[in-house]
Each structure stands twice: as structure tokens, then as C-alpha cells.
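# Architecture and fold: a report
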Amino acid sequence: IMAEVGAGGPRLAELLALGRRLWDELEASTEPSSGAPAVQEKVRQGLDALQRAAAMVAQLELFSENEELEEIASADLKFMLLPALLGAMTLKQVDLSRRREHLESAREHFLRFLKLCKNYGLGSFQLPTGTPGEEEARSPSAPRDPAQPDLVAMAMSRTAKIERYKQKKELENKLASMSSSMESGTADEDQIREFYILQIQKWIGISLEEIESIDQELVIVRSRDAARQAAAGPRGSSRTARTPMKPFILTRDAAQARVFGAGYPGLPTMTVDDWYQQRRKQGIVSQQGFGEPGSPPSSSPPAGANDEELQKQQRETEEEEDDEEALQKARDWDDWKDTHPRGYGNRHNMG
């Protein structure tokens, strides 16, 4: 059956090997950016090979919920890694406009792999539940206070992470010691089976970590999308213009405002030009004094000015003259002090 499925194209084992090789190259890549064209081309080729291999596995029905782990041939165990590799390769895509789609697709691949392993009794772990964003949407009536985190859950999560890290290191050491015999082809049936089971257990830990990371990123992505939809409006139109607010008075009531005022200066009721025009009509200012910009002010008293205005102008002129005299005296005194030290000419009580 496998030969028929692979007729006219790569065989199932070849497709898995190609996808696994591309994944290893991506992990060992020294490219500064994951969005480089060469990197994304490998991601595209890896996804294509792994998706074709997964379709062949589904057509061959290699795995079933009604069989035990011992019933699976040792050579077929490696095909159990296909969903996990698909999830990891999906996360390598960098299209930000489709990031939520990629995250949700990768989570489905990892969850499918974990369910398959759980069905065959590979590893002791708890399947992840719905994402935090979905759980909050389903039960909005009982939101969790972020200021009071669940310390018990945090401690359990930390303990599980430490245990997974220790298991991962042990599995990597065992796989490294068995890789030479696998590559040389000298491994027997039991060693081949143990090698593939160790790889599956390693990817169980990777899948649990990736799902936890995906859930955290999905919360951010979903809140960002919700904010964009709220800003765009129900029909995608731009935000409606804000209605102007009516002026308000910073007093206790309107009656107090009428008596004591609003508590701050009122808004201007006329422009500067309007004020000049009004003063000119009243005869207080002359046409020559405030006519064209830059024209010197008139020194003569305005026409129609009364005695009070004339006296006020005279006092201002006298004050300016007094100020000039006082300023000149102060300057002369400063000049004298520059050339005469303190105590100059004082002969009192000197022998």
C-alpha cells in the first residue's frame, strides 16, 4: 500500500526525511532574520513535504484509536512526529497579517500530536484545555483579578516546567548516544523502536511548551484585533466625529457663578482690531497712532480726550523722565565705584 501511495512521486519516508532535514537546517541556521527569503523558502518546502506526508498517513490509516503501542511497527513510529513537525514549521512563518491564523493552526497540530501520544500511552501529561482568550469569552461573569494571581497554579506550572526541562536533557543525552548506531545502520529492532519512542517523548515536551507560548501570544493578538475592530466601527467605517462639548462652569451651581463669576477669566469677545476700532470711534485713540502696522504712535493727546486723560498722560511722562534721571545717576555711581575703592578719602582716626 505504501508503494502505491508513493507511486509517481516521493515516498512517505522520503517526504518525512525531507521535512525533518529542513527543520534541522532552520534550527541550525545563522541567518540574522527569520524573514529572509532563503529561510522562508525552506519553510515553504518543509510545510509542503510534511503536509503531503500527513495526507499519506491519513490515507494509509497507520494509527488507530483501537490499537496498542505494541501493534505499531517500529518503522512506522517515526510518522507519529508529523503533526508536531507541522506545528513547529507553521510557527516559522513570519506573515504578521496572518499571525493569528498561523498560531491557531500550529496549536491544532501540536494538540493533535499530544492526543495521538495520549491514546497510545506515551508519556504522562495533561492535555491543554482551551486558550485563555476563549475561556474569558465563555465566562465573562467571573473575571480573574490580575492583582491576585493564582499562586497555586503558578507553582504547579513552574514545577512542571522544571520537570520537563530535566526530562528533555535526559532524552537528548540518550538520543545523542544512540544516533551513531542509527546512522550507521547497525541498530537492531529494539534499539530502533527505543530511539523513535525517545524522539516522540522529546517532542511531547516541546509541544507542551509551544502550546503554552502560543496561548500567551494569542491573548495579545486577539486583544489587538478586538481593539482594531472597535476603532473601525461595526461596518468598518472610520471613527465618527466627536460631538463638541458644551462649556461648563467650575462652580457649585449656576447661581454662585452669576454672583462670584466662573472662577476663571472668560473667553475674549472681540479681536484686537475690533477693540482698536471701538476705541477710535469713542475718540480715545487717534487714527495716526494705531492705523498702519509699524507707524509710530502719536505724541499729541487724542482728540476729544478729557482733563483726566491729559493728567494721566502727563504723570506717565514725568515718571518716565524721573526714571531716566535715576538710571543715569545709578550708572554714574557705578562708574565712580569702578575707579575708587571702598574707603577712598576716609581719613578719620588715622595717625
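As the structure is a prediction and not an experimental result, all values here were calculated from the model.

Here the focus is the overall build of the chain. For the chain, the helix and strand inventory stands at 11 helices and 0 strands. Counting from the amino terminus, the chain carries its helices and strands in the arrangement α-α-α-α-α-α-α-α-α-α-α. Expressed as a percentage of its 351 residues, the buried residues of the chain come to 25%. Pairs at least 24 residues apart make up 64% of the contacts formed inside the chain by residues separated by at least 6 positions. Split by element, the accessible area of the chain, about 25,700 Å² in all, is 52% carbon and sulfur.

Ranked by internal contacts, the top residues of the largest apolar core, which has 56 residues, are F63, M80, F113, L122, W203 and I204. Secondary structure elements with two or more residues in this core: α2 (12–27), α3 (37–60), α4 (82–90), α5 (99–119), α7 (151–184) and α8 (189–232). Per element, the largest residue contribution to this core is 13 residues, and it comes from α8. Residues contacting W203, with those up to four places away along its chain left out, are R20, W23, L81, A84, L85, A88 and F113.

What follows deals with α5. With 21 residues, α5 ought to run about 30 Å at 1.5 Å a step, and its terminal C-alpha atoms sit 30 Å apart, in line with that. Inspection of α5 places R99, H102, L103, A106, R107, H109, F110, L111, F113, L114, L116 and C117 among the buried residues, and these make up the whole buried set. Along its buried surface, α5 packs onto α4 and α8. Just past α5, the residue G121 takes up positive phi, approximately 75°.

The subject of this paragraph is unusual backbone geometry. It is generally the case that most residues other than glycine have a negative phi and that most peptide bonds are trans. Despite not being glycine, E61 shows a phi value in the positive range, around 55°. Structurally, the position occupied by E61 is in the loop between α3 and α4.

A few words on the pattern of salt bridges. Applying the stated criterion to the full structure yields 15 salt bridges. Put simply, K42 and E25 hold a salt bridge, and the shortest N to O gap is 3.2 Å. Residue K42 is found in helix α3, and its partner E25 is found in helix α2; the two are separated by 17 residues along the sequence. Residue D225 pairs with R100 through a salt bridge whose shortest N-O separation is 3.6 Å. Residue D225 is found in helix α8, and its partner R100 is found in helix α5; the two are separated by 125 residues along the sequence.

Conventions adopted
Along each chain, the written sequence defines residue order, and numbers are assigned to residues from 1. Thresholds applied to this predicted model are a pLDDT of at least 70 for local features of residues and 80 or more for the giving and counting of side-chain atom pairs; totals over whole chains, interfaces and linings are not thresholded and use all residues. Based on all heavy atoms of the structure, the side-chain values leave hydrogens and waters out of the count. Secondary structure elements are defined from DSSP: runs of H or I of at least 4 residues count as helices, runs of E of at least 2 residues count as strands, and each element is numbered from the N terminus. Residue exposure (1.4 Å probe, protein chains only): buried if accessible area is under 20% of the type maximum, exposed if over 50%, otherwise partly exposed. In what follows, residue pairs with any heavy atoms lying within 4.5 Å of each other are defined as contacts. Computed with a 1.4 Å probe, the accessible areas rest on the Shrake-Rupley method; for each residue, only the protein chains presented here act as cover. For the purposes of this section, nonpolar cores are sets of buried Ala, Val, Leu, Ile, Met, Phe, Trp, Tyr and Cys residues that join through side-chain atoms within 4.5 Å. Take the number of residues in a helix, subtract one, and multiply by 1.5 Å to get its expected span. Here a salt bridge means any side-chain nitrogen of Lys or Arg lying within 4 Å of a carboxyl oxygen belonging to Asp or Glu.

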